[in-house]
Amino acid sequence: MTLKKATAILLLLCGTCLAAQNREADSLRHAYGRQGVASSRIVGTPYADTLDTGNPAVKVILFNDGTYRYVKDPSVIAGDDIWTKNWNTWSCNPYGNVTIKETVTLWLVDTLDSYCCPRIGYHSSKFGYRHGRRHQGIDLPYPTGTPVYAAFDGKVRVSDVVGGYGNLVILRHANGLETFYGHLSQRNVEPGQWVSAGDVIGLGGSTGRSSGPHLHFETRYMGNAFDPAWLIDFQTGKLRHRMIKLRPWYFDGGSNYVQAVDDEDEIFRTDEEERLLAEERARKEAEARAAAERAAMQYYTVKSGDTLSSIARKYGTTVQALCRMNNIKATSTIQIGQRLRVK
Ligand SMILES: [Zn+2]
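Please read these numbers as outputs of a predicted model, since none were measured by experiment.

Got a minute to help me understand the overall build of the protein in this structure?
The helix and strand tally for the protein stands at seven helices and 21 strands. Buried residues in the protein amount to 43% of all 343 residues. Here the contacts in the protein between residues at least 6 apart in sequence split such that 63% fall between residues at least 24 apart. Accessible surface for the protein amounts to roughly 18,000 Å². Of this, 53% is attributable to carbon and sulfur atoms.

Any chance you could explain the coordination of the zinc ion here in plain terms?
In this structure, His135 (NE2), Asp139 (OD) and His216 (ND1) serve as the protein donors to the zinc ion, at separations of 1.9 to 2.3 Å. Mapped onto the sequence, the donors of the zinc ion take the spacing H-x3-D-x76-H. Of this pair, His135 sits in strand E6 (residues 133-135) while His216 sits in strand E15 (residues 214-221), and the two are 81 residues apart along the sequence. In this structure His216 comes out as buried when scored by relative accessible area, which is 8%.

Please clarify how the nonpolar core should be interpreted in this entry.
By size, the foremost hydrophobic cluster in this structure holds 40 residues, and its most contacted members are Phe152, Tyr181, Ile201, Phe217, Phe226 and Leu246. Residues contacting Ile201, with those up to four places away along its chain left out, are Val148, Tyr149, Ala150, Val169, Leu171, Tyr181, Arg187, Asn188, Val189 and Val195. Counting 10 residues, the second-largest nonpolar core is a separate cluster that includes Tyr300, Ile311, Cys323 and Val342.

Teacher, can you tell me more about the pairing of E15 here?
Every other side chain in a regular strand lies on the same face of the sheet, so the side chains alternate between the two faces. Of all eight residues in E15, eight are buried; the element is thus mostly enclosed. Here strand E7 (residues 138-141) pairs with E15 via four bridges, running antiparallel. If you follow Pro141 over to E15, its bridge partner there is His214. Bridge count between strand E11 (residues 177-184) and E15: six bridges; the pairing is antiparallel. Pairing of Phe180 across the sheet is with Glu218, part of E15. What sits between the antiparallel neighbours E15 and strand E16 (residues 224-226) is a turn of two residues, in which Met222 has the positive phi angle 50 degrees.

Looking at this structure, how should I read the pattern of salt bridges?
Any two side chains of opposite charge can pair, so long as their charged atoms come close to each other. Tallying each qualifying case throughout the model produces six salt bridges. The salt bridge partner of Arg283 is Glu280, with a shortest N-O separation of 3.2 Å. With Arg283 and Glu280 both in helix H5 (residues 271-296) and three residues apart, the pair spans about one turn of that helix. Overall, Arg283 belongs to the partly exposed group, its relative accessible area being 42%. Given a relative accessible area of 31%, Glu280 falls into the partly exposed group. Among the ionic pairs, Arg283 bridges to Glu287, the shortest N-O distance being 2.9 Å. In this pair, Arg283 and Glu287 both sit in helix H5, four residues apart, roughly one turn of the helix. Each of Glu280, Arg283, Lys284 and Glu287 takes part in one network of salt bridges that share partners.

I would appreciate a short explanation of helix H7 (residues 319-326) in the present structure.
Along an α-helix, residues three or four positions apart point the same way, because every turn accommodates 3.6 residues. Listed in full, the buried residues belonging to H7 are Ala321, Leu322, Cys323 and Asn326. Where H7 is buried, its residues meet helix H6 (308-314) and strand E21 (339-341).

How should I be thinking about the packing of aromatic side chains in this particular structure?
Any aromatic ring pair is given by two values, namely how distant the centres are and how the planes are angled relative to each other. Tallied over the entire structure, the rule returns 11 aromatic pairs. Between Phe226 and Phe251, the aromatic rings sit 5.7 Å apart at their centres with planes inclined by 80 degrees, giving edge-to-face as the arrangement. A residue pair is termed long-range when its members are at least 10 positions apart, and Phe226 in strand E16 and Phe251 in the loop between strand E19 (243-246) and helix H4 (263-268) qualify at 25 residues. Phe251 matches Phe226 in its accessibility class, with the two residues each being buried. Each ring, one from Trp249 and one from Tyr250, has its centre 4.9 Å from the other, and the planes form 85 degrees; the classification is edge-to-face. Trp249 sits in the partly exposed class, given a relative accessible area of 39%. Each residue in the set Trp230, Trp249, Tyr250 and Tyr257 is aromatic and connected to the rest through ring pairs, giving one cluster. Of note, Lys155 hangs over the ring of Trp87, and the distance from its end group to the ring centre comes to 5.5 Å. In this arrangement the basic side chain of Arg339 is found over the ring face of Tyr299, its NZ or CZ atom lying 4.5 Å from the centre.

Looking at this structure, I do not really get the sheet that holds strand E8 (residues 147-149). What am I missing?
In a beta sheet, neighbouring strands pair by backbone hydrogen bonds and run either parallel or antiparallel. Here three strands make up an open sheet; going across it, the order is E8-E14-E12 and the pairing antiparallel. Bordering the open sheet on either side are E8 and strand E12 (186-187), each of which pairs with just one other strand.

Whenever I open this one, the side chain of Asn167 confuses me. Can you help?
Within the fold, Asn167 resides in strand E10 (residues 166-172). Looking at Asn167, the relative accessible area reads 12%, which means it is buried. For Asn167, the side chain forms a polar contact with the side chain of Arg187, separated by 2.7 Å. When near neighbours in sequence (up to four residues on either side) are disregarded, Asn167 contacts Asp160, Val161, Tyr181, Gly182, His183, Leu184, Ser185, Gln186, Arg187 and Thr207.

Calculation criteria
Residues numbered from 1 in each chain as written. Predicted model: local features only at pLDDT ≥ 70, side-chain atom pairs only at ≥ 80, totals over all residues. Heavy atoms only, no water. Helix = DSSP H or I, 4+ residues; strand = E, 2+ residues; numbered from the N terminus. Buried < 20%, exposed > 50% of the residue type's maximum accessible area, 1.4 Å probe, protein only. Contact = heavy atoms within 4.5 Å. Areas by Shrake-Rupley, 256 points an atom, 1.4 Å probe, with all protein chains shown as cover. Donors = N, O, S within 2.8 Å, 3.2 Å for Na, K, Ca; no water. Core = buried A, V, L, I, M, F, W, Y, C linked by side-chain atoms within 4.5 Å. Pairing = 2+ DSSP bridges. Salt bridge = Lys/Arg side-chain N within 4 Å of Asp/Glu carboxyl O. Phe/Tyr/Trp six-rings, centres within 6.5 Å; stacked < 30°, edge-to-face > 60°. Lys NZ or Arg CZ within 6 Å of the ring centre and 35° of its normal. Polar contact = N/O pair within 3.5 Å; in protein donor to acceptor, adjacent residues only side chain to side chain.

Encoded structure:
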């Protein structure tokens, strides 16, 4: 890109038109692919100028060769609670026992957060129960020494040898999501380090409790694991959606991703729509119950010598129940030929 062209785009940016800025970021992302947006890696690279944008966390770096890049300034977002609260560098779950009771909506990528599939292709072992034991992630075949990429921009929380995981890297992302990369033969990052999607955080391996080289990949929210297949279609390597609604039942130990017929609808349904659907379901259930009760109703025609208690006995019910069903009193006189509801 020429300096002139870059300047023209920068002038456009100065108009604080965020939509235009986002469009430009999108087209840049396509041009640069995985490295569309860098964060800390930019430090130390010779550049001509830095320009502010409408977003204080985002700068445009203009290089000596006339090219430019959007960069996120970690020092601006570093103060966010997400990087300090429930944060430690040794445990898989620093949140304690948090139960997710309501749907959580997460943006996976905005125009300045990028994504990189850790491994495209089939997965050999699924999320859920395996030999009676909970498998909290999925296993992706991964030859030893193959680069393992960060799935999203974020910060390294754990880089250590952790029990069955062997060499484990845990990344936290700005939306609160955490991604786990286990059984690595080598770890390339240190806790506290900022990473961009697509950065090589380590190499594939078979350390820890592992029967052969593979990557154990987990996604967690507030310490609760859910099937990564809700986020990523590992066949194509693509994110299923730019936004995900994590329903509370996704966090049940055995709940695998299921391809809903109206997947898109399900994901983008609002809480209000969800509430209306629940009401509709409840209404239909009540109707069905009422219809079943109507179908089960039985009537009896009073004959000579009958009393309320003899009829109740005959139909295995009580006088009170007969009175309730027929809106009469226990002291009421019943007439021969009168129809009484008995069930
Ligand atoms: Zn595994």
